[in-house]
Amino acid sequence: MARWEWAMSRVLVVDDHAFIRRGVQSILHAFPEWELCGEADNGADAVRLSEALKPEVIIMDISMPGLNGIEATRAIHKNHPETKVILLTLHDNDELVRSAFRAGARGYLLKIDAEKELVQALREVVREGAYISPKIDPEVISSVLSEMQRD
Amino acid sequence: MLKILVADDHDIIRRGLKQLLSARTGWEICGEAKTGREALVLTEQFRPDIVILDVSMPDLNGLEAARRIHRMFPKIGILILTLHFSDMLVRDIVDAGARAYIMKSDTDRDLVAAVEALANRRTFFTARAADMLYNEHAQPGTSGSDPQAITRDRLTPREREIVQLLAEGKSSKEVAVALGISVKTAETHRANIMRKLELHSVSEVVRYAVKNQIIEV
């Protein structure tokens, strides 16, 4: 019984910046409930690794060479709607938030706030919730969330 | 012990750098700064061997911070970290006194190699950056053909600093307070900048600052 309480969620990290991947790794390290199961530095590898590793959560950058994070989210969501994608980006941009959620993302987080908000976002999305950076316009957040609930 | 100071406004990047660098024996992170100005203060306080500076930081950008650190402590090895590759920056980076340059997309190994190079008083530029530098030296005419690049060189470090503050939306009065100068001096600097760059409004200053990566939007 107790074993299940210790069950870890497996997390895939996708970012073309090695230092961001190391930063995410270092944040997760402090929380035994999250296990880093793999890393990719581009969207196409993220799609491949999501097939191979079946992570519960993917933390992914948007701007990457080749397939970007939103396109990769769309591809992953199509085959594995149960996989939760959190986009971790530099861009505080309403339109990107909308596209991200339409592509199937469950979280939208700014890199500048990652240290404070990443674990909160992870906990939210594994509980089937959603997480959007509080820096995004509240009206955009509520319209994106109601659109998500309709689908 | 090799003492390293890390300056980046993103907590997660500082964390990543710390994770990578403190894993090496004999290396320690002696301080962390979130702005260029903080990097100056901590450099004076800790006297690190190496300072790693992100280019785009609020308050004082990484290049201006590099310039001042280099002027005060020429023996400190300065590594500049950028998000995007920019050929214009390579020359600026060298002029500012930095001797190593890597992009955030470079690998863990490049970072370690860059710090090792600086510790041994050598330089480190990735192949792309080195090519760019070589071309600039071989063909001095090419980099000078950009009119923005020519005019930019005429700005003093103080003026570049004021460009950043103006582009961040500060008034002359706020600039004066931030730099501890009189409002009149701040206004004179501002007028000189506008004249030198042939700009007529603050929004043009912002565009100039963005184009030349003095600030990030």
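Think of each chain on its own: its residues are numbered from 1, step by step along the sequence as written. Chain A is the first chain written and ligand 1 is the first ligand written, with later ones labelled in order. In view of the model being predicted, local features appear only for residues whose pLDDT reaches at least 70, and side-chain atom pairs are presented and counted only at 80 or more, with totals across whole chains, interfaces and linings using the full set of residues.

A few points about the overall build of chain B
Here comes step 1: Put simply, DSSP H or I for four residues or longer makes a helix, DSSP E for two residues or longer makes a strand, and each gets a number counted from the N terminus. Counting secondary structure elements, chain B contains twelve helices and six strands.
Here comes step 2: Expressed as a percentage of its 217 residues, the buried residues of chain B come to 41%.
Here comes step 3: For every residue pair, C-beta atoms are placed from the backbone, and the pair is scored as a contact if these atoms sit within 7 Å. When contacts within chain B are restricted to residue pairs at least 6 apart in sequence, those whose partners lie at least 24 apart make up 62%. Here a residue counts as buried when 20 or more other C-beta atoms sit within 10 Å of its C-beta, as exposed when there are 12 or fewer, and as partly exposed otherwise, the C-beta atoms being derived from the backbone.

Quick word on the sheet that holds strand 6 (residues 131–132) of chain A
Residues and elements named next belong to chain A.
Here comes step 1: Any two strands with at least two DSSP bridges between them are considered paired. The parallel open sheet is built from six strands, whose spatial order is 2-1-3-4-5-6. Two strands in the sheet have a free side with no partner beyond their single neighbour: strand 2 (34–40) and strand 6.
Here comes step 2: Relative to strand 4 (residues 84–89), strand 3 (residues 57–60) is paired through four bridges, and the arrangement is parallel. Looking at the pairing, isoleucine 58 lines up with valine 85 of strand 4.

With respect to the interface of chain B and chain A
Here comes step 1: Facing 14 residues of chain B, the contacting portion of chain A comprises 15 residues.
Here comes step 2: When residues of the side of chain B that touches chain A are assigned to their parent elements, the largest contribution, eight residues, is made by helix 1 (residues 11–22) of chain B.

Structural notes on unusual backbone geometry
Here comes step 1: One non-glycine residue, A:Glu128, lies in positive phi territory at about 70 degrees.
Here comes step 2: By secondary structure assignment, the location of A:Glu128 is in the loop between helix 6 (114–126) and strand 6.
Here comes step 3: The backbone of B:Arg47 shows a phi angle near 45 degrees, a positive value even though the residue is not glycine.
Here comes step 4: When you line up the elements, B:Arg47 lands in the loop between helix 2 (36–46) and strand 3 (50–54).
Here comes step 5: Judged by the 13 C-beta atoms lying within 10 Å of it, B:Arg47 is partly exposed.

What about the domain arrangement of chain B?
Here comes step 1: For chain B, the assigned domains are domain 1 (2–138) and domain 2 (147–211).
Here comes step 2: Gly falls in the polar group here, along with every residue not listed as nonpolar (Ala, Val, Leu, Ile, Met, Phe, Trp, Tyr, Cys, Pro) or charged (Asp, Glu, Lys, Arg). Classifying every residue of the side of domain 1 of chain B that touches domain 2 of chain B by side-chain character gives two nonpolar, one polar and two charged. Note that domain bounds follow an automatic or database assignment of domains.

Structural notes on the sheet that holds strand 2 (residues 27–33) of chain B
Residues and elements named next belong to chain B.
Here comes step 1: Reading across from one edge, 2-1-3-4-5-6 is the order of the six strands in this open sheet, with parallel pairing throughout. Every interior strand has two partners, whereas the edge strands, strand 2 and strand 6 (124–125), have only one.
Here comes step 2: Note that strand 4 (residues 77–82) and strand 5 (residues 100–103) share four bridges and pair parallel. Within strand 5, the position partnered with isoleucine 80 by the bridge is tyrosine 101.
Here comes step 3: The axes are straight lines fitted to the C-alpha atoms, using for helices just the contacting stretch, and the angles between their N-to-C directions are given from 0 to 180°. The strands touched by helix 1 within the sheet are strand 1 (2–7), strand 2 and strand 3, with strand 2 carrying the most contacts at an inclination of about 165 degrees.

A look at the pairing of strand 4 of chain B
Residues and elements named next belong to chain B.
Here comes step 1: Extensive coverage of strand 4 is indicated by the burial of six of its six residues.
Here comes step 2: On strand 4, burial covers both faces: Gly77, Leu79 and Leu81 on one face and Ile78, Ile80 and Thr82 on the other are all buried.
Here comes step 3: In this sheet, strand 4 lies alongside strand 3 in parallel orientation, the contact comprising five bridges. In the sheet register, isoleucine 52 faces strand 4, and the bridge partner there is leucine 79.
Here comes step 4: For the handedness criterion, the strands are oriented away from the viewer, and a crossover whose path from the first strand over the helix to the second runs clockwise is classed as right-handed. The β-α-β motif built from strand 3, the intervening helix 3 (residues 62–72) and the parallel element strand 4 has right-handed crossover chirality.

Brief notes about the packing of helix 5 (residues 94–102) of chain A against helix 7 (residues 138–150) of chain A
All names here are of chain A.
Here comes step 1: Close contact between helix 5 and helix 7 brings their axes to 10 Å; oriented N to C, the two are set at 10 degrees. Between helix 5 and helix 7, the crossing angle belongs to the class labelled roughly parallel. Each of Asp94, Val97, Arg98 and Phe101 in helix 5 lies in contact with helix 7, whose residues at this interface are Val140, Val144, Glu147 and Met148. An angle below 35 degrees is treated as roughly parallel, one above 145 as roughly antiparallel, one from 65 to 115 as roughly perpendicular, and anything else as oblique.

Here's the deal with the confidence of the model for chain B
All names here are of chain B.
Here comes step 1: Mean pLDDT over chain B: 83, with 83% of residues reaching 70 or higher.
Here comes step 2: By definition, pLDDT measures how confident the predictor is in each residue, and it falls between 0 and 100. Within the model, the stretch residues 137–152 combines pLDDT values under 50 with twelve contacts to residues more than four positions away or in other chains.
Here comes step 3: Quick note on the complex model: pTM equals 0.70, ipTM equals 0.76.

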